[in-house]
There are 2 protein chains.
Amino acid sequence: MVQKRAAVLQVLQESEGHLQADEIYKRVKDYYPKMVLATVYNNLHALTESGHIRHIRTMSGADFYDKTPTPHEHALCTVCGKLIDADLCDFAEMLQKSTTLPIVSYDLILHTVCPDCNDKA
Amino acid sequence: MVQKRAAVLQVLQESEGHLQADEIYKRVKDYYPKMVLATVYNNLHALTESGHIRHIRTMSGADFYDKTPTPHEHALCTVCGKLIDADLCDFAEMLQKSTTLPIVSYDLILHTVCPDCNDKA
DNA sequence: CCCTCCTTTTAGAACTATTCTAAAAAGAGT
DNA sequence: ACTCTTTTTAGAATAGTTCTAAAAGGAGGG
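Here goes a summary of the coordinates provided. (Residues numbered from 1 in each chain as written. Chains lettered and ligands numbered in written order. Predicted model: local features only at pLDDT ≥ 70, side-chain atom pairs only at ≥ 80, totals over all residues. Heavy atoms only, no water.)

Strand order in the open sheet made by the 6 strands is 5(A)-4(A)-6(A)-6(B)-4(B)-5(B), with mixed pairing throughout. For this open sheet the edge positions go to strand 5 (83–85) of chain A together with strand 5 (83–85) of chain B, each flanked by a neighbour on one side alone. Each strand axis lies, on average, 30 degrees off the axis of its neighbour in the sheet, ignoring direction. With 4 bridges joining them, strand 4 (residues 74–77) of chain B and strand 6 (residues 103–112) of chain B adopt parallel strand pairing. Looking across to strand 6 of chain B, one finds that B:H74 is bridged to B:I109. (Pairing = 2+ DSSP bridges. Helix = DSSP H or I, 4+ residues; strand = E, 2+ residues; numbered from the N terminus. Axes fitted to C-alpha atoms, helices over the stretch in contact; angles between N-to-C directions.)

Shown next as structure tokens:
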């Protein structure tokens, strides 16, 4: 029984989808006030390793953890800083067609204004 | 006369195109052995600000400086770790067509095997 | 039960690339 | 030469993450 790992996973799964380590830490402390940040990192690594979640690093150095491990693209809101999903249809194929380099994988993050912030404007 | 800034720029311009700060520091010390790393960073910021060079951060956290400031895409070789240019034709338009989110800008880095490493294999 | 082994957790130190600070030095303009 | 601004320096500080070694916890066998 790996309670703390389960708690880390649960916090992420019950979230909006994309959280940073310190936010996960804050939320998981509601259940386990004594938990230490290193444990959160341990478990985030383990969960990433086992394919339950996905690790996303932005160019500005912010690390997010994504409750959806399957491949999809992301966008970062320039107004509120939230990371949201941005499913781009047939992006991988389109990308490979536009270059002769063999594409092993790619890191893409769009900078956008998310619908929430757009509505407020 | 801003000798050290010019030296930083020159080192980058005479390079293969994409260098990390510590590599620039090493090379520029051949001209100015007493230069300090903070000066390299100062000047890299200033040169980025003035549009002479471009700052590229990869998802793994490595910061590269690019002697070509005009927009173009990049690829990171999974074998040797070098950052190379990867011009993708009409990428920006293509990207905007595939989503309804307004694209302010984007960060894209392909992971590839560069021609050099491919030849060696 | 109890022993052993393996995994998880903890506390806190360490790390590393970058940034900050305050003072010294250098340059430019008058 | 004087003043003002920019550049450079040395070294401390920062921040997010990782490492370390020890302690705790849990699983399974005897």
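That covers the picture; the talk isn't over yet.
On to helix 2 (residues 21–28) of chain A, then. Residue and element names in this part refer to chain A. Among the residues making up helix 2, those that are buried are A21, I24, Y25 and V28. With its buried residues spanning 105 degrees around the axis, helix 2 presents them on a single face. The elements touched by buried residues of helix 2 are helix 1 (3–13), strand 1 (18–20), helix 3 (37–49) and strand 3 (63–66). (Buried < 20%, exposed > 50% of the residue type's maximum accessible area, 1.4 Å probe, protein only. Arc of directions from axis to C-beta. Contact = heavy atoms within 4.5 Å.)

Residue and element names in this part refer to chain A. Counting across every chain of the model gives 3 aromatic pairs over all chains. Geometrically, the ring pair formed by F91 and Y106 is edge-to-face, given 5.2 Å between the ring centres and 65 degrees between the ring planes. Placement of the pair is F91 in helix 4 (residues 91–97) and Y106 in strand 6 (residues 103–112), with a sequence separation of 15 residues. In this structure F91 comes out as buried when scored by relative accessible area, which is 2%. (Phe/Tyr/Trp six-rings, centres within 6.5 Å; stacked < 30°, edge-to-face > 60°.)

In this complex, chain B contributes 32 residues to the contact, which on the side of chain A involves 32 residues. Interface of chain B and chain A: buried area, both sides summed, is about 2,700 Å²; carbon and sulfur atoms make up 67% of it. The largest per-residue losses of area from chain B upon contact with chain A belong to B:M59, B:L101 and B:D107, which jointly make up 26% of the total buried on that side. For the pair chain B and chain A, the interface holds 0 salt bridges. Taken together, the links from chain B to chain A amount to 14 residue pairs in polar contact (both at pLDDT 80 or more). Listing elements by their share of the side of chain B that touches chain A, those giving two or more residues are strand 5, helix 4 (91–97) and strand 6 of chain B. By residue number, the principal contributor to the side of chain B that touches chain A is strand 6 of chain B, which donates 10 residues. Per-class residue counts for the side of chain B that touches chain A are 19 nonpolar, 9 polar and 4 charged. As defined by bridge partners, strand 6 of chain A adjoins strand 6 of chain B across 9 bridges and the pair is classed as antiparallel. (Buried area = accessible area lost by both parts, 1.4 Å probe. Salt bridge = Lys/Arg side-chain N within 4 Å of Asp/Glu carboxyl O. Polar contact = N/O pair within 3.5 Å; in protein donor to acceptor, adjacent residues only side chain to side chain. Nonpolar A, V, L, I, M, F, W, Y, C, P; charged D, E, K, R; others polar.)

Lining the immediate surroundings of DNA strand D are 16 residues, of which A:Y41, A:H45, A:D63, B:K4 and B:T39 lie closest. In DNA strand D, atoms within 4 Å of the protein come 79% from sugar and phosphate. Among the elements of the structure, helix 3 of chain A together with helix 1 (3–13) and helix 3 (37–49) of chain B are those that each provide at least two residues to the surface near DNA strand D. Across the surface near DNA strand D, the residue classes break down as 8 nonpolar, 4 polar and 4 charged. (Near = heavy atom within 4 Å.)

Residue and element names in this part refer to chain A. Scanning the model with the defined rule gives 10 salt bridges over all chains in all. In this structure, R57 engages D63 in a salt bridge whose closest nitrogen and oxygen atoms are separated by 3.0 Å. Connected via shared salt-bridge partners are E16, E23, K26 and R27.

We now examine the relation of the copies chain B and chain A. Once chain B has been moved 0.0 Å along the axis and rotated by 179 degrees, it coincides with chain A to within an RMSD of 0.1 Å. Both chain copies can therefore be described as sitting about a two-fold axis. The C-alpha atom lying nearest the rotation axis in chain B is that of B:L108; the distance is 2.2 Å. Residue by residue, 100% of the interface of chain B is reproduced at the interface of chain A, so both copies engage with the same surface. (Least-squares fit on C-alpha atoms with pLDDT ≥ 70 in both.)

Next up on the list: the packing of helix 2 of chain A against helix 3 of chain A. Angle between the axes and distance between the axes are the two parameters that describe a pair of packed helices. All names here are of chain A. Running from N to C, helix 2 and helix 3 cross one another at 115 degrees; their axes reach a closest spacing of 10 Å. The orientation of helix 2 with respect to helix 3, classified from their angle, is roughly perpendicular. Crossing geometry of helix 2 relative to helix 3 is assigned as right-handed. Counted together, A21, I24, Y25 and V28 of helix 2 and L37, V40, Y41 and L44 of helix 3 form the full contact between these two elements. Taken together, the residues that form the contact of helix 2 with helix 3 break down as 8 nonpolar, no polar and no charged. (Parallel < 35°, antiparallel > 145°, perpendicular 65-115°, else oblique. Left-handed = near helix turned anticlockwise from the far one by under 90°.)

Read these as layout, nothing more, since geometry by itself doesn't imply function.
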